[in-house]
Amino acid sequence: MHEQQVEQGSGLGRRALIRNGLVMVGALAVPGTVSSATRKLTARDLKPTGQPPMPAEAKALVSPRVVRPDLFRKALAALQQHGSRVAQRDRIAIADFTAGSSQPRFHLVDLLNGRTTTLLVAHGSGSDPSHTGYLKRFSNDFGSNASSEGAFATADYYVGKHGRSQRLVGLDPTNNNALGRAIVIHSAWYANPDMVKSHGMLGRSQGCFAVGERDLDQVFARLGPGRMIFAAKV
């Protein structure tokens, strides 16, 4: 696990970051309202009026040393596109499948305070038939055992053949079979860090986001239901 505080480049100091975070909260919760310093908020202000826009300040919240800027922009665009189907917009997860499985590449991003926690995650065997450690292709097909690309909404928890798991709903044409394919978040021994030490890479899932056994509680706690996971190879 790697945890890193957002950099304060381009004149964005700690106070500015906090201020931007507060602006972000306001933009997410009360779209189109004026500042409370101008007039008193009413019940009408607090009533949702539609999908809130993603604030521009979010672009500077994540260090490019953690999430690559082009991937982060695509994730924010997906959050904007699917916002009406993503109930919670304060935190997201980004799976960077350009990186190999030996590298932490599952980014848990807090959009309010700019902190990112990065974990190991396995990809599907159908995405890497020769087990090179690198994802070669995506698939949305039943029986492919491959990872799918695009945006997912986290759903309910259950206990299945992989133990505690969380269902995912695919939001794009590239992953809309996720629920039927049982593409979920779960833990697995082959996604533990010692696999990298002994084999140089993680094992492979059947298309699920498999994380280390000691990381599952953290993933569940930080995501929860109603948040977005974005998976891509950029």
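Residues numbered from 1 in each chain as written. Predicted model: local features only at pLDDT ≥ 70, side-chain atom pairs only at ≥ 80, totals over all residues. Heavy atoms only, no water.

Just to check I follow, could you spell out the pattern of salt bridges for this structure?
Note that side chains of opposite charge can pair when their charged atoms are close. One pass over the structure, following the stated rule, counts six salt bridges. For Arg-167, the salt bridge identified is with Asp-156, shortest N-O distance 2.7 Å. With a gap of 11 residues between them, Arg-167 in strand E6 (residues 163-170) and Asp-156 in strand E5 (residues 150-160) connect regions that are remote in the sequence. Accessibility expressed as a relative area gives 30% for Arg-167, which makes it partly exposed. On the basis of relative accessible area, Asp-156 is assigned to the partly exposed category, the value being 38%. Its salt-bridge partner being Arg-164, residue Asp-217 comes within 2.7 Å of it at the nearest N-O pair. Here the residue Asp-217 occupies a position in helix H6 (residues 216-223), and Arg-164 occupies one in strand E6, the gap between them amounting to 53 residues. Three or more residues joined by partner-sharing salt bridges are found here, namely Arg-68, Asp-70 and Asp-96. (Salt bridge = Lys/Arg side-chain N within 4 Å of Asp/Glu carboxyl O. Helix = DSSP H or I, 4+ residues; strand = E, 2+ residues; numbered from the N terminus. Buried < 20%, exposed > 50% of the residue type's maximum accessible area, 1.4 Å probe, protein only.)

Please explain the nonpolar core as it appears in this structure.
For soluble globular proteins, the rule of thumb is that nonpolar side chains tend to be buried together. With 22 residues, the main nonpolar core has Phe-97, Phe-106, Ile-185, Phe-209, Val-219 and Ile-229 as its most contacted residues. Looking at this core, the elements that each hand over two or more residues are strand E2 (91-96), strand E3 (106-110), strand E8 (209-211), H6 and strand E9 (228-232). For this core, the element with the most residues is H6, which contributes four residues. Not counting residues up to four positions away in its chain, the partners in contact with Ile-229 are Ala-93, Phe-106, Gly-150, Ala-151, Phe-152, Thr-154, Leu-168, Ile-185, Phe-209 and Leu-223. One finds Phe-72, Ala-78, Val-86 and Leu-111 within the second-largest nonpolar core, a separate group that totals 19 residues. (Core = buried A, V, L, I, M, F, W, Y, C linked by side-chain atoms within 4.5 Å. Contact = heavy atoms within 4.5 Å.)

What is the right way to read the packing of aromatic side chains from this model?
What the rule picks out here adds up to six aromatic pairs. Members of the aromatic cluster, connected to one another through ring pairs, are Phe-97, Phe-106, Phe-138, Phe-152 and Phe-209. Here the basic side chain of Arg-167 rests over the ring of Tyr-158, its NZ or CZ set 4.1 Å away from the ring centre. (Phe/Tyr/Trp six-rings, centres within 6.5 Å; stacked < 30°, edge-to-face > 60°. Lys NZ or Arg CZ within 6 Å of the ring centre and 35° of its normal.)

Teacher, can you tell me more about the confidence of the model for the protein chain here?
Fine structural detail should not be taken from predicted coordinates in areas where pLDDT scores are low. On average, residues of the protein chain score 81 in pLDDT, and 72% of them are at 70 or above. Overall, residues 2-64 carries pLDDT values under 50, and its contacts beyond four positions in sequence, including any with other chains, amount to 87 contacts. (pLDDT = per-residue confidence, 0-100.)

Please explain the pairing of strand E4 (residues 116-119) as it appears in this structure.
A regular strand places its side chains so that they alternate between the two faces of the sheet. Of the two faces of E4, the one lined by Thr-116 and Thr-118 and the one lined by Thr-117 and Leu-119 are each fully buried. As paired strands, E3 and E4 are joined by four bridges and run antiparallel to one another. Along E4, the bridge assignment pairs Val-109 with Thr-116. Once E3 ends, the chain turns through five residues before running back antiparallel as E4, passing Gly-114 with a positive phi of about 80°. (Pairing = 2+ DSSP bridges.)

Just checking my understanding: could you explain the environment of Leu-216 for this structure?
You can see Leu-216 is positioned in helix H6. As a C-alpha pair, Leu-216 and Arg-164 span 52 residues in sequence and 8.6 Å in three-dimensional space. Leu-216 has contacts with Arg-164, Ile-185, His-186, Ser-187 and Val-211, leaving out every residue within four places of it along the chain.

So what exactly am I meant to see when it comes to helix H3 (residues 69-81) here?
Within an α-helix, residues lying three or four positions from one another point in the same direction, as the helix has 3.6 residues per turn. In this model, H3 (13 residues) spans 18 Å end to end at C-alpha, consistent with the 18 Å of a helix rising 1.5 Å per residue. Along H3, the residues that are buried comprise Leu-71, Phe-72, Ala-75, Leu-76, Ala-78 and Leu-79. Each buried residue of H3 sits inside an arc of 160° when the element is viewed along its axis, so together they form one side. Away from its buried face by more than 90 degrees, H3 exposes Arg-73 and Gln-81. (Expected span 1.5 Å × (residues − 1). Arc of directions from axis to C-beta.)

Is there a simple way to explain unusual backbone geometry in this structure?
Backbone phi values are negative for most residues with the exception of glycine, while trans is the configuration of most peptide bonds. Of note in the backbone geometry, His-131 takes a positive phi value of approximately 55° without being a glycine. Residue position: His-131 is located in the loop between E4 and E5. Relative accessible area serves as the criterion here: at 31%, His-131 is assigned to the partly exposed category. Positioned with a positive phi, Ala-182 is a non-glycine residue whose angle comes to about 60°. With respect to the helices and strands, Ala-182 occurs in the loop between helix H4 (178-181) and strand E7 (184-187). Classification of Ala-182 as partly exposed rests on a relative accessible area of 42%.

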